[in-house]
Each structure stands twice: as C-alpha cells, then as structure tokens.
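Reading the structure
Listed below are the residues making up each chain.
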Amino acid sequence: MNDTTTPPGPDEGFDLGGTDESLIRMREYFRVHGDTYRVFAPGRGAYFYVINHPEDIKRVLLTNHRNYTKGEGMDRVKILLGNGIMTSEGEHWRRQRRMIQPAFHRRVLEQFGALVGAVNDRYADRWAAKAARGEPIDISDETSELTLDIVLRSIFGTDLDRLKRELGENPFALVAKETNRDLKFAFRFRALGKLIQQLIARRRREPQDHFDFLAMLMAQVSRDTGEGMSDAELIDEVMTLIVAGHETTAATLTWTWYLVGRHGETAERLRAEADRAGEARPLALEETEALEFTHQVLQESLRLYPPGWLFTRRSIDADVLGGYPIGPRTDVFISPYMLHRHPAFWDAPEEFRPARFAAPDAALRHRFAYIPFSVGPRHCIGEHLAMFEMLAHVQTMSRRFRIERTCDEPVEYEAQINLRTRSNLMMTVTER
Ligand code: HEM
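Since the model is a prediction, treat every value here as computed from it, not as a measurement.

Describing the environment of Leu163
Mapped onto the secondary structure, Leu163 falls in helix 8 (residues 159-167). Judged by its relative accessible area of 4%, Leu163 is buried. Sequence separation between Leu163 and Arg204 is 41 residues; the distance between their C-alpha atoms is 17 Å. Among all residues touching Leu163, those that are not within four sequence positions of it are Gly168, Glu169, Pro171, Phe172, Leu195 and Leu199.

The following block contains the structure:
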C-alpha cells in the first residue's frame, strides 16, 4: 500500500461523466497526477476515483469483479434501457446473461452471414447510385442506418419488414435519425415497448419458425427457475440490444472511414485484401476472420476512438487500487480512451498504426491495456457480431469503391455516452 492514504487529484471539484469537458479534464489530470487520482464531484458530494493502470483495471473488471456493481451514470441509462443486461445487477443479471449468451454463440452468428451480406450489398448499391450522380456520402448517417438495419433484422427477423408494411414506416427509425440521447429520446424510445409487446403477443399466439434473437430469447428457459422471460424482461432486453448494438458499431465504422480517408496506403491495402477475398456472397464469418489487415485497421480504430470511452463501477466493500485504499460505495472510473493512449503501454500512442495489432507486437502488449469491449463477466456480449458486421462492411465497400475525404481537416470528437464525430463525416466514393 502507498504511504499516503489518498491519491493525488485536482484542488477544484468537477463532476466527471459522459461529457466533452470530462475527457479534456481527464487528459490533463492524467498528465499531472498519473495512473490513480481522485476528483471531488460536487454533484455527488463524494470523490470519484479514476484508474488508468491495466493491473488495477484487471482487478476491478475481472479478478475482484464481485466487489463492484455498475456505477455513476447508470440511473440515466436505466431510463432508456430499463432493467436489461446492460444495467441489471446480481442474480437477475446472471440469470438473464446466461439465457441470452447462447444467442451470441458462433453457430448462431454463422447463420447471420446472409443478413449481414444482404444489408451491406444494399448500401453498396445505394452508394454506387450516389457516386454515379456525383453526390458525396454522409458516412455518419449511412453507417448509422446500416448498423441499425443489421441489429433490427437480427432481433426481429422477417417481422421487421412486416411491421414496416403494416405501419408504412420503420417504427425504430428514430434510433438512427435522432442523435440526442436525452430524456425526450428515452421517452419516445420507451414508447416502442408497446409495439414489441404486441409482436411478442402475436408470436406467442401464432407460433411460427423464426430465426432471430427475439425467437431465441423467447425460447430460453432459466436453469434456476425453469421459467422463460416475462414480456417486460423481453422488452428490456430487446431495447438493450438495439441501443447497445447500434450506436457503438456505427461510431466505429465512421471513425474507421475517417482514419482510412487520412491514410492512403491503408486504403490501398484494404482494397487489396478485399479483392483477394473476392466476390463470394455472402461472406461467411470464417472468411471475414481471415481478413487480417482489415481486422487490424478496425482494432486500431477502436483503440484510438473507443465508442465506450468511459465506464464506471461502484465498490461494495473496501478495496485497494493503485496502492490506495478505497472505501465501500466508491465510484471508480475507467476510460478505455485514456488507457488506449497510455504512453507506458503504447508506442507513439497518438499515431494511427494498424500494424501494432499484428504479431509479434500484439503478443508483447499488456493484455489489459486494450479493452474496447471491456473484459470480465460484463464484457460486451455483442463483440463477435460487431466484428463480423464491421469486417464484412469494410470488405464490401473497399472491394467496390475508392472512398475519400472531401477535405483534409481533422474531425473533432464529441464525448457523450459514446465517443462520436462532432459533425457528420462526408466522403466521396468512386466505383473502382
Ligand atoms: C463496436 C461495437 C461495440 C463496442 C465498442 C461495444 C462495447 C461495449 C462495452 C465497452 C461494454 C461494457 C460496458 C460496461 O461495462 O459498462 C459493452 C456491453 C454490452 N454490449 Fe457492446 N459494444 C459493441 C457492440 C455491441 C453489439 C453489436 C451488441 C448487441 C447486438 C452489444 C451488446 C452489449 C450488451 C448487451 C452489453 C452489456 C453486457 C452485460 O453487462 O452483461 N454490443 N459493449
């Protein structure tokens, strides 16, 4: 343990959270105070602890995870997601996670190949039409709509098109169109629960073969209770999957095209790898995993711009972090953004270098210095689905187009719940 019992920190108080100002301050606090510091949060009347060392992060998320629940900021997320697996705790979380996990098994993801391929092809045709008219592409809007389409189809299957026909529009479109994640959005989004409830009721009434997440969740029975999920539970889990699966993936693809647009040699290598993978349609999970360079580019994009740039935990009992004792019910902040740029664990951390994820460099890195999908029991359940759709997307588009920026200006970030580009990213595409 350290000889002092309190870590260093700034004199002035500040409410750290999902805001731009928090990220600016965290960069400065890290520079001045190092791996472990604390900041007084006037809004809470308590100190928030920030940890930046991979060993401490490993302790909180993995080896001593039982001592932590999710922390500061979860109340707000609960308004949007209810009690789904992103926000729930304890026995309820464990039971739900166990029931949902099989839906993300490799064998299931393999069967989503046709869906992922069809959506990407449809967007590629749309991009081609715009290219023919000489129009630029709004990459932010396109990736947002595309990833929403994939996540909705993976959840609702053929019911999505039926809903669109019956209602004359996609009732979930607001998720991509509305970018604010405020109370107004939460209210409008939660209102969709009714629609999901009707869908569940219809499926219970008229059982049919569906291959989608909703069908898998409805079929699951808890090992402990012998019961399936209630309607309310199903609604919260479905809403959680929509939000968790959409914006993170969209932001990563936008950042990726931004980075590729700034690095011509990377774009060239992506096209070469995409050409080697060829035209086989749809690309199978295994084939996307063979896209080594594309994978490195996505990993590097997730390193520099992890959408989940900040997450929080709250201690149950006392613990020791960075050599300092922390009391029970202390909020601990972990920032993948800061960790992924930690100068002690990364060479030239601010530079875009996909090759750092190639062997042997990758093997030499501290395992907990890179956590875009988090680690431990509460790591992202959708990691492999996300990688699958992102690899397929980058391959499909690289094979068909040259994608270039319309200007050289760096794009600014916006750090809210997710890390996004502040303004929409415009690019030009040319058919190859
Ligand atoms: C690039 C894409 C993605 C990134 C970077 C990402 C990142 C993360 C991170 C960092 C967490 C942990 C948050 C925390 O502990 O506070 C998480 C949890 C979660 N993610 Fe993802 N995610 C992505 C895509 C997806 C997709 C496609 C889905 C589902 C369709 C998904 C569903 C979830 C769920 C349900 C959780 C909560 C798991 C639990 O607590 O048991 N994510 N994600």
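So, the site of the ligand
Residues in close proximity to the ligand total 28 residues, the closest being Ile85, Trp93, Arg97, Arg313 and Cys380. Between Arg378 and the ligand, the recorded distance is 3.0 Å, taken from a side-chain N or O atom to an oxygen atom. At six residues, helix 13 (residues 231-262) tops the list of elements feeding residues into the shell around the ligand.

As for the coordination of the iron atom of the ligand
Six octahedral donors around a metal ideally subtend angles of 90 or 180 degrees, whereas four tetrahedral donors ideally subtend 109.5 degrees. Donation to the iron atom of the ligand from the protein comes from one atom only, Cys380 (SG), at 2.3 Å. Secondary-structure assignment places Cys380 in the loop between helix 18 (361-364) and helix 19 (383-400).

A look at unusual backbone geometry
For the bond running from Ala359 to Pro360, omega is 0°, close enough to zero to count as cis. Along the chain, Pro360 falls in the loop between helix 17 (336-339) and helix 18. Even without being a glycine, Arg329 presents a positive backbone phi close to 55°. Inspection of the secondary structure puts Arg329 in the loop between strand 7 (324-326) and strand 8 (331-334).

Regarding the environment of Glu227
Examined against the element boundaries, Glu227 turns out to sit in the loop between helix 12 (213-219) and helix 13. Those residues in contact with Glu227 that sit more than four places away from it in its chain are Met99, Gln220, Val221 and Ser222.

About the cut-offs
- Residues numbered from 1 in each chain as written.
- Predicted model: local features only at pLDDT ≥ 70, side-chain atom pairs only at ≥ 80, totals over all residues.
- Heavy atoms only, no water.
- Helix = DSSP H or I, 4+ residues; strand = E, 2+ residues; numbered from the N terminus.
- Buried < 20%, exposed > 50% of the residue type's maximum accessible area, 1.4 Å probe, protein only.
- Contact = heavy atoms within 4.5 Å.
- Near = heavy atom within 4 Å.
- Polar contact = N/O pair within 3.5 Å; in protein donor to acceptor, adjacent residues only side chain to side chain.
- Donors = N, O, S within 2.8 Å, 3.2 Å for Na, K, Ca; no water.

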